[in-house]
Amino acid sequence: MLLHFYKMTGAGNDFVMVDNRDLSLSSVLDRETIEALCDRRFGIGADGLIAVEPSQGKGGIVRMRYYNADGGEAEMCGNGARCFGNFAAALLHHDKTAPLPFETMAGVVTATFEKDGNVTVNLTNPHSMQLFVLNADPTVGADVHFLNTGVPHAVAFLDKLEGLDISRLGAYLRYHEAFSPKGTNANFARILSPGHIAIRTYERGVEDETLACGTGMTACALLHAVLTDAPSPIQVDVAGGDTLKVGFQRTGDRFTDVTLTGPADLVFTGDIQI
Ligand SMILES: N[C@H](CCC[C@H](N)C(=O)O)C(=O)O
């Protein structure tokens, strides 16, 4: 069959977007097909695939299904959610002066559309904050923080991000026994100034560095806020070159009203035989 797709990028984290509101694609979007579509040499090439599906009556207008490049489904994707907001708004002819709530495996997420073209998503409340003192790799150091911002994230704060072997260090944390059996995404953050950090991320299910990771940058920003008492919002420089904004309400180490704001752009559309 011929699959019509839209290729989008959220600050360099890129996705194949498909319209599955009639669920006609459900029988063909299996793990192998999604992996093939995301392959950078033999397919369209992307960090993941995102499908618009009908609401399950859980508070959203539609439902977002997120699949990593390896074809495995994940609970949430922050950059993908921002792209989903623009994609679903276009499909639904949604009035962008109004928020667009949609369902994810992590809960209901709401997209709002900024005048400058950026998209803001309200993320589900983060949980499971923990400090792990690992028998660590000397580069990563001992203290590794953990926070689930819809998906699991390990965070190491380092003095330098340039020249890091992200593939090796990322895989070390991603597969560390402390985070088994589901594993975790691995983030490396550097404080540039109070309230301004830079990050690099190795993503679970991509099994490599991505140019941005929305839930990852959110985890790093919220941990920075707890560790330094920095107020909302936190500016985050990502490897793809963009600076995104993380907003929140904080009481101690508990967060509500967490938002992620940044670009969500269409790159091209096309058809591919699957
Ligand atoms: N790879 C992640 C899901 C996508 C997260 C990332 N692309 C984002 O923007 O939040 C995981 O398996 O937990």
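The rules we used
- Residues numbered from 1 in each chain as written.
- Predicted model: local features only at pLDDT ≥ 70, side-chain atom pairs only at ≥ 80, totals over all residues.
- Heavy atoms only, no water.
- Helix = DSSP H or I, 4+ residues; strand = E, 2+ residues; numbered from the N terminus.
- Rg over C-alpha atoms; globule rule 2.2 N^0.38 Å.
- Contact = heavy atoms within 4.5 Å.
- Phe/Tyr/Trp six-rings, centres within 6.5 Å; stacked < 30°, edge-to-face > 60°.
- Buried < 20%, exposed > 50% of the residue type's maximum accessible area, 1.4 Å probe, protein only.
- Near = heavy atom within 4 Å.
- Polar contact = N/O pair within 3.5 Å; in protein donor to acceptor, adjacent residues only side chain to side chain.
- Areas by Shrake-Rupley, 256 points an atom, 1.4 Å probe, with all protein chains shown as cover.
- Nonpolar A, V, L, I, M, F, W, Y, C, P; charged D, E, K, R; others polar.
- Domains from an automatic or database assignment.
- Core = buried A, V, L, I, M, F, W, Y, C linked by side-chain atoms within 4.5 Å.
- Buried area = accessible area lost by both parts, 1.4 Å probe.
- Salt bridge = Lys/Arg side-chain N within 4 Å of Asp/Glu carboxyl O.
- UniProt positions renumbered as here; feature names shortened; annotations may be inferred.

> Which parts of the structure should I look at to understand the overall build of the chain?
Check the secondary structure of the chain and you find four helices and 18 strands. In terms of C-alpha radius of gyration, the chain reaches 18 Å, essentially the compact-globule figure of 19 Å for 274 residues. A principal-axis box enclosing the C-alpha atoms of the chain has dimensions of 50 × 40 × 30 Å. When contacts within the chain are restricted to residue pairs at least 6 apart in sequence, long-range pairs at least 24 apart make up 60% of them.

> Can you help me understand the packing of aromatic side chains in this one?
In this description, a pair of aromatic rings is defined by centroid distance and the angle of the planes. Going through the model one piece at a time under the given rule, you end up with eight aromatic pairs. Consider the rings of Phe248 and Phe255, whose centres lie 5.5 Å apart with planes at 85°: the pair is edge-to-face. Under the relative-accessibility criterion, Phe255 is labelled buried at 4%. The rings of Phe132, Phe146 and Phe179 are connected pair by pair, giving a single aromatic cluster.

> What should I look at first to understand the site of the ligand in this one?
Taken together, 15 residues lie around the ligand, and Gly78, Glu203, Arg204, Gly214 and Thr215 are the ones closest in. The separation between an oxygen atom of the ligand and a polar side-chain atom of Asn68 is 2.8 Å. Within the side chain of Thr215, an N or O atom sits 2.5 Å from an oxygen atom of the ligand. In the complex, the protein chains occlude 100% of the 360 Å² of accessible area that the ligand would expose alone. Looking at the shell around the ligand, the elements that each hand over two or more residues are strand 4 (62-68), helix 2 (78-92) and helix 4 (214-228). When the residues that make up the shell around the ligand are grouped by side-chain class, the tally is six nonpolar, seven polar and two charged. Three or more residues apiece are contributed to the shell around the ligand by two domains, here domain 1 (2-119 + 264-269) and domain 2 (127-262).

> Could you clarify how one ought to interpret the nonpolar core in this entry?
Nonpolar side chains in soluble globular proteins generally cluster together in the buried interior. Among the nonpolar cores identified, the biggest contains 52 residues, and Phe84, Phe102 and Val236 are the most heavily contacted of them. Setting aside anything within four residues of it in sequence, one finds Val236 in contact with Ile197, Ile199, Met217, Ala221, Asp242, Thr243, Leu244 and Val246. Phe132, Val140, Leu169 and Leu173 belong to the second largest nonpolar core, which has 18 residues in total.

> Where do I start with the domain arrangement of the chain in this structure?
Frequently, the measure chosen for interface size is the accessible area removed from exposure when the parts meet. You can read the domains of the chain as domain 1 (2-119 + 264-269) and domain 2 (127-262). Between the C-alpha centres of domain 1 and domain 2 there is a distance of 23 Å. With 20 residues of domain 1 in contact, the opposing surface of domain 2 contributes 21 residues. On the domain 1 side of the interface with domain 2, the three residues burying the most area are Ala11, Glu75 and Arg82, jointly 30% of the side's total. Applying the counting rule to domain 1 against domain 2 returns one salt bridge.

> Could you clarify how one ought to interpret the pattern of salt bridges in this entry?
As a working rule, side chains carrying opposite charge can pair if their charged atoms are close by. Counting across every chain of the model gives 13 salt bridges. The salt bridge partner of Arg21 is Asp19, with a shortest N-O separation of 2.8 Å. According to the relative accessible area criterion, Arg21 is partly exposed, its value standing at 34%.

> I tried to follow the UniProt feature "active site" (unreviewed entry) in the chain on my own but got confused; where do I start?
In the numbering adopted here, UniProt assigns the feature "active site" (unreviewed entry) to Cys77 and Cys213. A maximum C-alpha distance of 7.9 Å places the annotated residues, which cover 137 residues in sequence, within one compact spot. Within the element layout of this structure, Cys77 appears in the loop between strand 5 (73-74) and helix 2. Those residues in contact with Cys77, other than ones at most four positions away along the chain, are Asn13, Phe15, Met64, Tyr66 and Thr215. Tracing the backbone shows Cys213 in the loop between strand 14 (208-210) and helix 4. For Cys213, a relative accessible area of 4% corresponds to the buried category. When near neighbours in sequence (up to four residues on either side) are disregarded, Cys213 contacts Asn13, Asn79, His153, Ile199, Thr201 and Glu203.

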